[in-house]
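Residue strings, one per chain:
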Amino acid sequence: MTTQTFLHERDRSRQAFLSRSTLLTSLVLIVGMLVVLVLNALPESSAWHVSNATVSLLGKYFTYMLLALAVDLIWGYLGILSLGHGAFFALGGYAMGLYLNAQTSPLPGWQSIMTYFPVAALAVLLAPGLLALVFGWLAFRSRVTGVYFSIITQALTFALMLAFNRNEMGMGGSTGLTRFYELLGFSLASEGMTVALFVASGMAVLLAFWLCQAITVSRLGRVSVATRDAEARVRFIGYRVDHVKLALFVVSAMIAGVAGALYVPQVGIINPSTFAPLFSIEVVVWVALGGRATLYGALLGALVVNYLKTVLTGVMPDAWLFILGGLFVLVTMLLPQGIAGVISTWRGKRRDGEKQDRQEVSA
Amino acid sequence: MSVIDSTRFDRLREFARPDRVFDFMAPAQSPVDVRHGPILYLEDVSVSFDGFQAINRLNLTIDDGELRCIIGPNGAGKTTMMDIITGKTRPDHGQVWFGSRHNLLTLDEPQIANLGIGRKFQKPTVFEALDVTENLELAMAGERRVWKTLLARLDHEGQARIDEVLETIGLSGERYRLAGVLSHGQKQWLEIGMLLMQRPRLLLVDEPVAGMTEPEMHRTAALLTRLAGQQSVVVVEHDMGFVRSIARQVTVLHQGSVLAEGTMDDVSSDPRVVEVYLGGDEEAA
Ligand SMILES: Nc1ncnc2c1ncn2[C@@H]1O[C@H](COP(=O)(O)OP(=O)(O)OP(=O)(O)O)[C@@H](O)[C@H]1O
Ligand SMILES: [Mg+2]
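Read on for an overview of the structure. Every value quoted in this text rests on a predicted model; they were computed, and no experiment measured them. (Residues numbered from 1 in each chain as written. Chains lettered and ligands numbered in written order. Predicted model: local features only at pLDDT ≥ 70, side-chain atom pairs only at ≥ 80, totals over all residues.)

1. As for the overall build of chain B
Then, number 1: Within chain B, the secondary structure is distributed over 11 helices and 10 strands.
Then, number 2: Counting every position in chain B, which comprises 285 residues, the buried fraction comes to 47%.
Then, number 3: Considering only contacts within chain B whose residues lie at least 6 apart along the sequence, 70% involve residues at least 24 apart. (Helix = DSSP H or I, 4+ residues; strand = E, 2+ residues; numbered from the N terminus. Buried ≥ 20, exposed ≤ 12 C-beta atoms within 10 Å, placed from the backbone. Contact = placed C-beta atoms within 7 Å.)

In structure tokens form, the structure reads like this:
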């Protein structure tokens, strides 16, 4: 059932925190970021110059990659399919949006506390974290699992979309929050800010990747994989499955919140459409395409699909949903492990080949 | 090569000594109170599924250190009884006590497991995406809280216990294989190994030898008999030869309640038992 089954052995080297895939993924992220920065610094006349608009676009991709990591942590490793993770992303985004608004004109009522960056930063973590805590506590305690859980997460994000659409919420109604000018005293329109947000998003991806890697290689990570595959058995050896799920769900929601907070200043707007059920489903498709239960797969999936989206919506704006749906169907049928599955099969074959070569030599 | 083989052989011989009791098999600390009576006590337990009476006024007492075999035709309610003891199924009425202090009907599965009741499922359930060692590691008695689990490291003591259990269940050579690719018999052994890692006070073992070869069956019999004494063991099994080889006390379940109880000879000569169960089975065997 796993990609490694044909090897019949679990690749032990991948269990260490500093595994080859961790190092490789980190390296690719860091080098990729540096390359973009260098190319951005080239004079505009150069053929290699990368424009600020592109840097900003890549920064947005980073926030999507962060969101994909959050979904993969609970879907790939714990078997919880959340179709409402856009809600946590949006909450982080709204927290940041309030802070940005407060920089130009004072906010009414309780919202005035969002003027202060540390408060806003805390809200970015706490708003999604608390929602996940309450929602998860109710769901996991009453053992809502599988497709039922997925459906209520859709309902959750849909309900929030309706709520945030109302002007009475004080969140800008259907227009959402916009008119952002300053972040930490610096102009958002400045070139330095574009680069800074890009770097911040890239660093956030790197840190979240390390965090998720640390969790998945720990014993808790093995308990969660065990829960994904045989939940009842895990209970009978004495683990509190509901607590494991709750803990990872909250961590995942917070990562999504940070992603949303980094997304908003780069895109310049946050509105209720981020709560739309369809967006959350899209996120799941990224992870499925990239390959669930591998962290680099989630990162890759988010990047590839969103790049395709940028390119294709330019060419044929109406076809995107059909293309996405078609891709999803194709991948689930042909590559159930996604892009990462193809890579690991290829690597496994190569490793087996090497082994065979060695045996032939020694024979 | 030969060095490894001979040490392994010594270990096996060592292991076969009936008087030897291994530390790693000894139960972990359990708060169960058995000073004034049995370790497990079921009284007047009934449960029905959509009107079908699966367990019907069942009474059962297991003494501390006892090895008890439970037999009965398909659908007699044997697995359902284990579901009730381990908190998976709540009975409609009746009492279930672990020692004199713990009312199992007020506890859930992890709580019951952590009190020291371990269970092997009828259909072997191991964590297929994890390797053999990891399966044992997760089952190892110890800290179960989320934060502690996140920080847990396998120490030397733990590793040594895993090695010992691997030796016992004959899977030392498969330690890094995925549990999902093991044979049916090996999965059975792995699940028994997970039980040993838990070091429970009471083991509930549902059809342990299904899918095992004759020699494997003998090893299982030897293991279960050796466990009894320090631990209490309840074995559900269909294989009469196996039951005969380990049984001291046998309980016959039929239509959700106890039909007969006694030694293997007692129950196998009971005409009611012969009628509902043994007769057909012996012929088939
Ligand atoms: N969750 C359930 N819902 C409905 N019926 C059930 C449920 N669990 C068990 N039963 C029924 O209860 C009866 C007893 O089942 P149980 O599995 O306890 O039998 P058993 O003695 O273990 O049989 P076997 O030897 O086949 O394992 C069966 O008729 C079964 O169909
Ligand atoms: Mg059964």
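2. A word on the overall build of chain A
Then, number 1: The secondary structure content of chain A amounts to 13 helices and 2 strands.
Then, number 2: For chain A, the C-alpha radius of gyration of 21 Å lies close to 21 Å, the compact-globule estimate for 363 residues.
Then, number 3: Overall, the C-alpha framework of chain A stretches about 75 × 60 × 40 Å when taken along its three principal axes.
Then, number 4: Of all 363 residues assigned to chain A, the portion counted as buried reaches 44%. (Rg over C-alpha atoms; globule rule 2.2 N^0.38 Å.)

3. Quick notes on the interface of chain B and chain A
You'll often see interface size given as the accessible area lost when the parts meet.
Then, number 1: Taken together, the contact pairs 27 residues of chain B with 27 residues of chain A.
Then, number 2: Listed by contribution, the elements that provide at least two residues to the side of chain B that touches chain A are helix H3 (109–115), helix H4 (132–139), helix H5 (146–151) and helix H7 (184–198) of chain B.
Then, number 3: At 4 residues, H3(B) tops the list of elements feeding residues into the side of chain B that touches chain A.

4. Quick look at the site of ligand 1
All names here are of chain B.
Then, number 1: The environment of ligand 1 is made up of Phe 49, Ala 54, Gly 72, Asn 74, Gly 75, Ala 76, Gly 77, Lys 78, Thr 79, Thr 80 and Gln 122.
Then, number 2: Sorting elements by how many residues they give to the shell around ligand 1 places helix H2 (residues 78–85) first, with 3 residues.
Then, number 3: In terms of residue class, the shell around ligand 1 is built from 3 nonpolar, 7 polar and 1 charged. (Near = placed C-beta within 6 Å. Nonpolar A, V, L, I, M, F, W, Y, C, P; charged D, E, K, R; others polar.)

5. Some points on the environment of A:Gln103
Then, number 1: Following the sequence through the fold, A:Gln103 ends up in the loop between helix H3 (85–102) and helix H4 (117–141).
Then, number 2: For the pair A:Gln103 and A:Phe117, spaced 14 residues apart in the sequence, the C-alpha separation amounts to 9.9 Å.

6. Here's the deal with the sheet that holds strand S6 (residues 117–120) of chain B
Residues and elements named next belong to chain B.
Then, number 1: With mixed pairing, 6 strands are arranged side by side in an open sheet as S6-S7-S8-S3-S9-S10. The strands lining the two open edges of the sheet, one partner per strand, are S6 and strand S10 (257–262). When strand polarity is set aside, the average angle formed by the axes of neighbouring strands in this sheet is 20°.
Then, number 2: In this structure, strand S3 (residues 67–71) lies alongside strand S8 (residues 232–236), joined through 4 bridges in parallel fashion. (Pairing = 2+ DSSP bridges. Axes fitted to C-alpha atoms, helices over the stretch in contact; angles between N-to-C directions.)

7. Structural notes on the nonpolar core
Then, number 1: The biggest cluster of nonpolar side chains holds 175 residues, and the ones touching the most others in it are A:Met65, A:Leu66, A:Leu67, A:Ala68, A:Leu69, A:Ala95 and A:Ala259.
Then, number 2: Those residues in contact with A:Ala259 that sit more than four places away from it in its chain are A:Thr63, A:Leu66, A:Leu67, A:Ala70, A:Phe89 and A:Gly92. (Core = buried A, V, L, I, M, F, W, Y, C linked by C-beta atoms within 7 Å.)

8. Side note on helix H7 (residues 219–229) of chain A
Then, number 1: Of all the 11 residues making up H7(A), 10 are buried; the element is thus mostly covered by neighbouring parts of the structure.
Then, number 2: Taken together, the buried positions of H7(A) are occupied by A:Arg219, A:Leu220, A:Gly221, A:Arg222, A:Val223, A:Ser224, A:Val225, A:Ala226, A:Thr227 and A:Asp229.
Then, number 3: Close packing links the buried residues of H7(A) with helix H6 (191–217), helix H8 (231–236) and helix H9 (241–267) of chain A together with H4 and H5 of chain B.

9. Observations concerning the sheet that holds strand S2 (residues 52–62) of chain B
Residues and elements named next belong to chain B.
Then, number 1: Strand order in the open sheet formed by 4 strands is S2-S1-S4-S5, with antiparallel pairing between adjacent strands. Since the sheet does not close on itself, it has two edges, and those belong to S2 and strand S5 (102–103), each with one partner.
Then, number 2: Bridge count for strand S1 (residues 40–49) against strand S4 (residues 93–98) is 5 bridges, and the pairing is antiparallel. By the bridge assignment for S4, Leu 40 is matched with Phe 98.
Then, number 3: Against the sheet, H2 contacts S1, S2 and S4, and its axis sits at roughly 65° relative to S2.

10. Considering the packing of H7(A) against H9(A)
All names here are of chain A.
Then, number 1: Their axes nearest at 11 Å, the elements H7 and H9 cross at an angle of 110°. In terms of their interaxial angle, H7 and H9 are classed as roughly perpendicular. Remark: the crossing between H7 and H9 carries left-handed chirality. Contacts between H7 and H9 pair Leu 220, Val 223, Ser 224 and Thr 227 from the former with Val 241, Val 244 and Leu 248 from the latter.
Then, number 2: Here the contact of H7 with H9 is composed, by residue class, of 5 nonpolar, 2 polar and no charged. (Parallel < 35°, antiparallel > 145°, perpendicular 65-115°, else oblique. Left-handed = near helix turned anticlockwise from the far one by under 90°.)

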